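Notes for the structure review
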Amino acid sequence: MEQPSAPPPEHPTPTPRERIPIGRAAFLGTVALGAVGVAALSRFGGGVSGLLSDASSAVGVDGIVPTSGWRIYNVQDPMPTFDAATYELVVDGAVANPVRLSWDQVQATAMEEQVCDFHCVTGWSVYDVTFRGIRPQTLIDLVQPSPTAGHVNFQSLEEPYFDQLTLEQFLLPQVMLATEMDGRPLTRPHGSPMRLVIPQMYGYKGVKWVGRITFEEEPTLGYWETRGYAADAWVGTDAYR
Amino acid sequence: MPTAEAAAGAARIRRFTPVQIAAHLLLAVTFLAMLWTGACLYFPGLAEVMGRPLAKAVHLWSSGALVAGLAVLAAARPRDLGRVVREAESLDRADVAWLRGGPRRVVDHRGAPEQGWLNAGQKLATAVMLGLLVVLYGTGLVMWLGTGVTWLRIGSGAVDVHDLATLVFVLLLLGHLYLALLNRATRPALRGIVTGEVDREWARANHGRWVREMEERDR
């Protein structure tokens, strides 16, 4: 008695052929390259990305490739240019003693140095960055804000970028108005001559190219906060508004 | 027993199953959604187009939808997706000979060694794209979890590799689209991934061994 024949396979059985696992190697190689890339760019990202960044600058695509682990974001091109002869730091608003400080006067102000991490809301971080700059209390002592001034606006020379901290946030430890980074004056992409540093919050709160600081009584949403980001951009949160 | 299709010498031959078509469509839709929302999260100039919360939500939900959808399709018809993996896994001598023809082979198959269901270029592209997807998911996971646990971010390594992997994937995708939509010799394949069937004579010329095996099976 004949056995019932097996149903035909859904797909034809391939003719026996020598199989070389090149596809598997390509798959595993891609995955391995990705893993090695993460490790290498994390460890040696500065050198590698510095070279790539120089190359990208040469072909006019600044900001696409990170520099020493940093990615440079700006909202207006070109970035502001610092001129020591004309720069003025204006500190005003609800204060008893508004000031306009020349660059020489800024440099003559008492400064401190600190090492802190920088976290961007887009997912990257730079660790152990050395900043040198002016502590908020030094500025407060200078301009004497009124008791009702509970907020501080930081206006960038890169119009229309600005952001705001509460006075309480401004006085958090390690907040500073930095003029130097890693032992050198701030470079133009990093906000020369002065940027706000607040390690407890994501980088978009750290206004670059600071030109004016205004003590206010009312809260105001900053540049990114009007675009869906949180005013309190605490590191470790989604920073949604 | 010969199928009606073969007996009639049908002009078309079935190349892809509905599950394979669905998996391709799912990958296309979710990848484009992730690419667009990723661009909105990456380029400051696009930051205002849909806003960060919506862009991030669509990005993450698309990645989840792709995995969940593929899992459902694989569970429903394991052989259909398994076949793609098996095909892409290894090359035979004919595939290697095909590759020796150089990049010209990709756009013009004339005179190429007879190929199976997928040609060597398609196998390698599939393998590399699957590898890139694993890299994108791995680095994406680090970035996602790194929101709350910043030491997990490993500096900018995960972001850098996520971006580079996206760039390579997009380059492959552009080549894929060129071959599917514009290149005269290969664009008849488009019908296959839309309807499941391709022109039999085109298939005979480009995937001759597969057609021969199908016809032998049906004889």
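Look above for the structure.
Let me sum up the structure you'll find in this document.

Moving on, we come to the interface of chain B and chain A. Listed as interface residues are 54 residues of chain B and, on the opposing side, 48 residues of chain A. Carbon and sulfur atoms make up 57% of the area that chain B and chain A hide from each other, which totals about 4,500 Å². In this structure, the connection of chain B to chain A is made through 4 salt bridges. With a closest N to O distance of 2.7 Å, Arg71(A) and Asp163(B) form a salt bridge. Linking chain B with chain A are 8 residue pairs in polar contact (both at pLDDT 80 or more). Where the side of chain B that touches chain A is concerned, the elements lending two or more residues are helix H2 (18-42), helix H3 (47-50), helix H4 (52-76), helix H5 (78-89), helix H6 (93-100), helix H8 (120-145), helix H9 (157-182) and helix H12 (208-218) of chain B. For the side of chain B that touches chain A, the residue count by class is 24 nonpolar, 11 polar and 19 charged.

This next bit is on the packing of H2(B) against H4(B). Packed helix pairs are characterised by how far apart their axes lie and by the angle those axes make with each other. All names here are of chain B. In contact at an axis separation of 9 Å, H2 and H4 are set at 160° when each is read in the N-to-C sense. Here H2 is positioned roughly antiparallel relative to H4, judged by the angle of their axes. Where H2 crosses over H4, the handedness of that crossing is left-handed. Taking contact as the criterion, the partners of Val-19, Ala-22, Ala-23, Leu-26, Leu-27, Thr-30, Ala-33, Met-34, Thr-37, Gly-38, Cys-40 and Leu-41 in H2 are, on H4, Arg-52, Ala-55, Lys-56, Val-58, His-59, Ser-62, Ser-63, Ala-65, Leu-66, Gly-69, Leu-70 and Leu-73. Residue composition of the contact of H2 with H4, grouped by class: 15 nonpolar, 7 polar and 2 charged.

The next point concerns unusual backbone geometry. Residues and elements named next belong to chain A. For the bond running from Glu-159 to Pro-160, omega is 0°, close enough to zero to count as cis. Position of Pro-160 relative to the elements: it lies in the loop between strand E5 (151-156) and strand E6 (162-166). With an omega of 5°, the peptide bond between Ser-192 and Pro-193 qualifies as cis. Following the sequence through the fold, Pro-193 ends up in the loop between strand E8 (184-185) and strand E9 (195-197). One non-glycine residue, Gln-174, lies in the positive phi region at around 75°. The backbone of Trp-209 sits at a positive phi, close to 50°, despite the residue not being glycine. Relative to the helices and strands, Trp-209 is located in the loop between E9 and strand E10 (210-216). What makes Trp-209 buried here is its relative accessible area of 1%.

A few words now on H2(B). All names here are of chain B. Here H2 spans 35 Å end to end across 25 residues, near enough to the 36 Å set by a 1.5 Å rise per residue. Within H2, burial applies to Val-19, Gln-20, Ile-21, Ala-23, Thr-30, Phe-31, Met-34, Thr-37, Gly-38, Ala-39, Cys-40 and Leu-41. Looking at the buried positions of H2, the neighbouring elements they touch are H3, H4, H5, H8, H9 and helix H10 (190-195).

This paragraph deals with the nonpolar core. If you look at the biggest cluster of nonpolar residues, it comprises 39 residues, and the most contacted ones within it are Phe170(A), Tyr204(A), Ile213(A) and Phe215(A). Within the residue set of this core, elements represented by two or more residues are strand E1 (88-93), strand E2 (99-102), helix H2 (103-108), helix H3 (136-143), E5 and E10 of chain A. Not counting residues up to four positions away in its chain, the partners in contact with Phe170(A) are Pro136(A), Leu139(A), Ile140(A), Val152(A), Phe154(A), Leu165(A), Val175(A), Leu177(A), Leu196(A) and Phe215(A). Within the second largest apolar cluster, 20 residues are counted, among which are Val126(A), Phe131(A), Val197(A) and Val142(B).

For side chains bearing opposite charge, pairing can occur when the charged atoms are close. In this structure the tally under the stated criterion is 19 salt bridges over all chains. One salt bridge connects Arg209(B) with Asp92(B), and the closest N-O pair in it is separated by 3.3 Å. Of this pair, Arg209(B) sits in helix H12 while Asp92(B) sits in the loop between H5 and H6, placing them 117 residues apart in sequence. By the burial criterion, Arg209(B) is buried, and Asp92(B) matches it. The partner of Lys123(B) in a salt bridge is Asp95(B), and the shortest N-O contact between them spans 2.6 Å. Taken together, the positions of Lys123(B) in helix H8 and Asp95(B) in helix H6 put the pair 28 residues apart, joining distant regions of the chain. Exposure class is identical for Lys123(B) and Asp95(B). Each is buried. Each of Arg19(A), Asp92(B), Arg209(B) and Glu213(B) takes part in a single network of salt bridges with overlapping partners.

Residue and element names in this part refer to chain A. Burial along E2 is one-sided: Val-99 and Leu-101 are buried, and none of Arg-100 and Ser-102, which face the opposite way, are. As paired elements, E1 and E2 share 4 bridges and run antiparallel to each other. Opposite Glu-88, over in E2, you have Ser-102 as the bridge partner.

Scoring rules and cut-offs
Counting restarts for each chain, with residues numbered from 1 along the sequence as it is written. A letter from A marks each chain and a number from 1 marks each ligand, given out in the order of writing. With pLDDT at 70 or above as the cut-off, local features in this predicted model cover only qualifying residues; side-chain atom pairs require 80 or more to be listed or tallied, and sums for whole chains, interfaces and linings still use all residues. Heavy atoms from the whole structure form the basis of all side-chain values; hydrogens and water molecules are not counted. Contacts between residues were defined by any pair of non-hydrogen atoms, one from each residue, lying within 4.5 Å. Defined here as a combined quantity, buried area equals the accessible surface (1.4 Å probe) lost by two parts on assembly, summed across both. A pairing counts as a salt bridge when a side-chain nitrogen of Lys or Arg comes within 4 Å of a carboxyl oxygen of Asp or Glu. Polar contacts, as counted here, are pairs of nitrogen or oxygen atoms within 3.5 Å of one another; within protein the pair requires one atom able to donate a hydrogen and one able to accept it, and residues that are adjacent in sequence qualify only if both atoms are side-chain atoms. Numbered from the N terminus, helices here are DSSP runs of H or I no shorter than four residues, and strands are runs of E no shorter than two. Under this grouping Gly is polar, as are all residues other than the nonpolar Ala, Val, Leu, Ile, Met, Phe, Trp, Tyr, Cys and Pro and the charged Asp, Glu, Lys and Arg. Axis lines are fitted to C-alpha atoms, over the contacting stretch for helices. Their N-to-C directions set the angle, which ranges from 0 to 180 degrees. Each angle gets one of four labels, with under 35 degrees taken as roughly parallel, over 145 as roughly antiparallel, 65 to 115 as roughly perpendicular, and the rest as oblique. What makes a crossing left-handed is the near helix being turned counterclockwise from the far one by less than a right angle; a clockwise turn instead makes it right-handed. We call a residue buried when its accessible area falls under 20% of the maximum for its residue type, exposed when it is over 50%, and partly exposed in between, using a 1.4 Å probe and counting protein chains only. Expected helix span is computed as 1.5 Å times (number of residues minus one). To define a nonpolar core, start from buried Ala, Val, Leu, Ile, Met, Phe, Trp, Tyr and Cys residues and group those joined through side-chain atoms within 4.5 Å. Strand pairing requires that DSSP identify at least two bridges connecting the strands.

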